[in-house]
Amino acid sequence: MTPSTDRNQQLFERAQSLIPGGVNSPVRAFKAVGGTPRFVQRAQGAYFWDANGQRYTDYIGSWGPMILGHGHPAVVEAVQKAALDGFSFGAPTEREVELAEAIVRLVPSIDMVRLVSSGTEAAMSAIRLARGATGRSKLVKFEGCYHGHADALLVKAGSGLATFGNPTSAGVPPEVVQHTLVLEYNNVAQLEEAFALHGSDIACLMIEPICGNMNFVRASVPFMTRCRELCSQHGALLAFDEVMTGFRVALGGAQSVYARLIPGFEPDMTVMGKVIGGGMPLAAFGAKREVMRQLAPLGGVYQAGTLSGNPVATACGLATLHEVSKPGFYEALAVRTRQLVDGLSAAAAAHGHTLTVDSEGGMFGFFLLDQLPQNYATVMTTSGPRFNHFFHGMLARGVYFAPALYEAGFVSAAHTEADVAETVAAAHEVFSSLPG
Ligand code: KE4
């Protein structure tokens, strides 16, 4: 076979002989859409350039963190300065205190917070804390929600509400997921039945309030209301996984959106990541003081991390939070994001197709479906070939959407009206040739 002149392909071939699937996280391998992943050489603002020097308008932004766009000068400067003072100490630093203060100030439901290095670590630790704080073992999650790859979370629905989950991954023994109940997102009847059956054993219910891991599906107000009521009624903790939505859909995250829709609403625990690290390995989980005090070294729930609160990562996160806290940041971001999705929907309609869209702040989703889906099963009725045709058509025109129909999209403050107009023009071309 003649060697490819495409440097992405050359790199992908080299990578596959050394790294499983040639990637360090599965979704990057383009398995769902086919084709060759783009190896990023560098990124700036709303764009990145691949190994061939081809420019792409980036609507993934590292799956959410790059809300300011790539290479924001204030963030780069903060990271460079922090790096000169040392990379890691394994000892407390002032910036960890400053970041904790910022998170507690911006997320009123949190009294205390623990910093970690990934969303998986934050969600896994939050579940252990909920189990330790309640003395219970059971966990409720929802199909389509992803909370990282801890064993207890790699689970699909059991055969019925009386039975607990089955592993979705090799290497996870059935007994590890026996305490995990997987319900249908937005299904109030199932939720009621699950709590009627198991309520006194449930340590926590973990949910993505706007689910970006099935593209973009909102929890309905009645459903979220019942999640809150049933957790309170049965003494279970309501844990919001805001790794993706935190500081992305609003300064106060998705919980601030629901607090406007449901008077007095707040979760008991919050898991965060992505934006709070500004693109560097940093995540967190927080709750009220009486829960967080159960954590080592104060309480009996163990949790630790060599690089937790890393001094360079906290500098990156703090500089990012400083920028997003500026007046009007989210209003402007929401306008740009809405311009994009409305433009895509109009482009589809102009060529006889239906694209349903939704967005909140700087996060968006679109579906080649007649209605916005309310659960995972409906999302997955999307035609894979039609999505893949659209994805590759846009990619060929220098527009980088998520390489899977069940992933969300992200707009940064660096995306301009001209960028959006260019993306919509490309969409007109692609929809003109999209099969019915
Ligand atoms: P990480 O361990 O990947 O930092 O975070 C796990 C996680 C937890 N909770 C939510 C709501 C998440 O979206 C994630 C990770 N999101 C995926 C995108 N769907 C990251 C991309 C990837 O897996 O490579």
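Please read these numbers as outputs of a predicted model, since none were measured by experiment. (Residues numbered from 1 in each chain as written. Predicted model: local features only at pLDDT ≥ 70, side-chain atom pairs only at ≥ 80, totals over all residues. Heavy atoms only, no water.)

Caption draft 1: Region of interest: the overall build of the chain. Along its length, the chain carries 13 helices and 18 strands. Over its C-alpha trace the chain gives a radius of gyration of 21 Å, about what one expects of a compact globule, namely 22 Å for 436 residues. For the C-alpha atoms alone, the extent of the chain along its principal axes is close to 60 × 55 × 50 Å. Counting across all 436 residues of the chain, residues that qualify as buried make up 55%. (Helix = DSSP H or I, 4+ residues; strand = E, 2+ residues; numbered from the N terminus. Rg over C-alpha atoms; globule rule 2.2 N^0.38 Å. Buried < 20%, exposed > 50% of the residue type's maximum accessible area, 1.4 Å probe, protein only.)

Caption draft 2: Broad picture of the pattern of salt bridges. Scanning all chains against the criterion turns up eleven salt bridges. Note that Asp268 and Arg228 form a salt bridge whose closest N and O atoms lie 2.8 Å from each other. One end of the pair, Asp268, is in the loop between α7 (253-261) and β13 (269-272); the other, Arg228, is in helix α6 (residues 221-234), with 40 residues separating them in the sequence. Here Lys326 and Glu323 are joined by a salt bridge, their closest N and O atoms 2.9 Å apart. When its relative accessible area of 42% is taken as the criterion, Lys326 is described as partly exposed. For Glu323, a relative accessible area of 11% gives the class buried. (Salt bridge = Lys/Arg side-chain N within 4 Å of Asp/Glu carboxyl O.)

Caption draft 3: Inspection of the sheet that holds strand β18 (residues 409-410) at higher detail. Taken in spatial order, the three strands line up as β15-β16-β18 in an open sheet, and their pairing is antiparallel. Each having just a single partner strand, β15 (356-360) and β18 make up the two edges of the open sheet. Note: strand β16 (residues 363-367) against β18, two bridges, orientation antiparallel. Across the sheet, Met363 pairs through a bridge with Phe410, a residue of β18. Contacting β15 and β16, helix α10 (residues 329-350) runs over the sheet at an angle of about 180° to β15. (Pairing = 2+ DSSP bridges. Contact = heavy atoms within 4.5 Å. Axes fitted to C-alpha atoms, helices over the stretch in contact; angles between N-to-C directions.)

Caption draft 4: Expanded view of the nonpolar core. Grouped together as the largest cluster of nonpolar side chains are 104 residues, with contacts concentrated most on Ile103, Phe142, Leu205, Ile207 and Phe401. A per-element tally of this core places α10 first, with eight residues. Taken together, domain 1 (7-71 + 327-432) and domain 2 (73-324) each give at least three residues to this core, which thus spans both. Not counting residues up to four positions away in its chain, the partners in contact with Leu205 are Val140, Phe142, Leu191, Phe195, Cys227, Cys231, Leu237, Leu238 and Ala239. Counting residues in each nonpolar core, the second largest holds 24 residues, with Ile127, Cys204, Ala239 and Ala283 among its members. (Core = buried A, V, L, I, M, F, W, Y, C linked by side-chain atoms within 4.5 Å. Domains from an automatic or database assignment.)

Caption draft 5: Local environment of the site of the ligand. Every one of the 16 residues lining the ligand counts as a neighbour, but Ser25, Thr120, Asn213, Asp241 and Glu407 are closest to it. In this structure, an oxygen atom belonging to the ligand sits 3.0 Å away from a main-chain N or O atom of Gly119. Lys274 has a polar side-chain atom sitting 3.1 Å from a nitrogen atom of the ligand. When the ligand sits alone it has 540 Å² of accessible area, and the protein chains cover 85% of it. When the residues that make up the shell around the ligand are grouped by side-chain class, the tally is five nonpolar, seven polar and four charged. Looking at which domains feed residues into the shell around the ligand, each of domain 1 (7-71 + 327-432) and domain 2 (73-324) supplies at least three. (Near = heavy atom within 4 Å. Polar contact = N/O pair within 3.5 Å; in protein donor to acceptor, adjacent residues only side chain to side chain. Areas by Shrake-Rupley, 256 points an atom, 1.4 Å probe, with all protein chains shown as cover. Nonpolar A, V, L, I, M, F, W, Y, C, P; charged D, E, K, R; others polar.)

Caption draft 6: Quick look at the domain arrangement of the chain. Segmentation of the chain into domains returns domain 1 (7-71 + 327-432) and domain 2 (73-324). Averaged C-alpha coordinates put domain 1 and domain 2 at centres separated by 25 Å. Taken residue by residue, the interface counts 31 residues in domain 1 and 33 residues in domain 2. Of all residues in domain 1, Tyr330, Glu360 and Met363 bury the most surface against domain 2, accounting for 24% of the area lost on that side. On the surface where domain 1 and domain 2 come into contact, there are two salt bridges. (Buried area = accessible area lost by both parts, 1.4 Å probe.)

Caption draft 7: Expanded view of the sheet that holds strand β3 (residues 55-58). Overall, mixed pairing links the four strands, which are arranged β1-β2-β3-β17 in an open sheet. The sheet is open, and its two borders are formed by β1 (40-44) and β17 (399-400), each paired with just one other strand. With three bridges joining them, strand β2 (residues 47-50) and β3 adopt antiparallel strand pairing. By the bridge assignment, Tyr47 is partnered in β3 with Thr57.

Caption draft 8: Representation of the layout of surface pockets. Put simply, the second largest pocket is a space of about 390 Å³. Around the second largest pocket sit 17 residues that line it, and Val113, Arg114, Leu115, Ala296 and Pro297 are the ones nearest its centre. Counting residues per element, the lining of the second largest pocket draws most heavily on strand β4 (residues 112-116), at four residues. Along the lines of polarity and charge, the residues of the lining of the second largest pocket split into eleven nonpolar, three polar and three charged. (1 Å grid on protein atoms, 1.4 Å probe; cavity = no way out; pocket = protein on both sides within 12 Å on 5 of 7 lines; lining within 4 Å. Points joined across faces, edges and corners; volume = space filled by probe spheres on them.)

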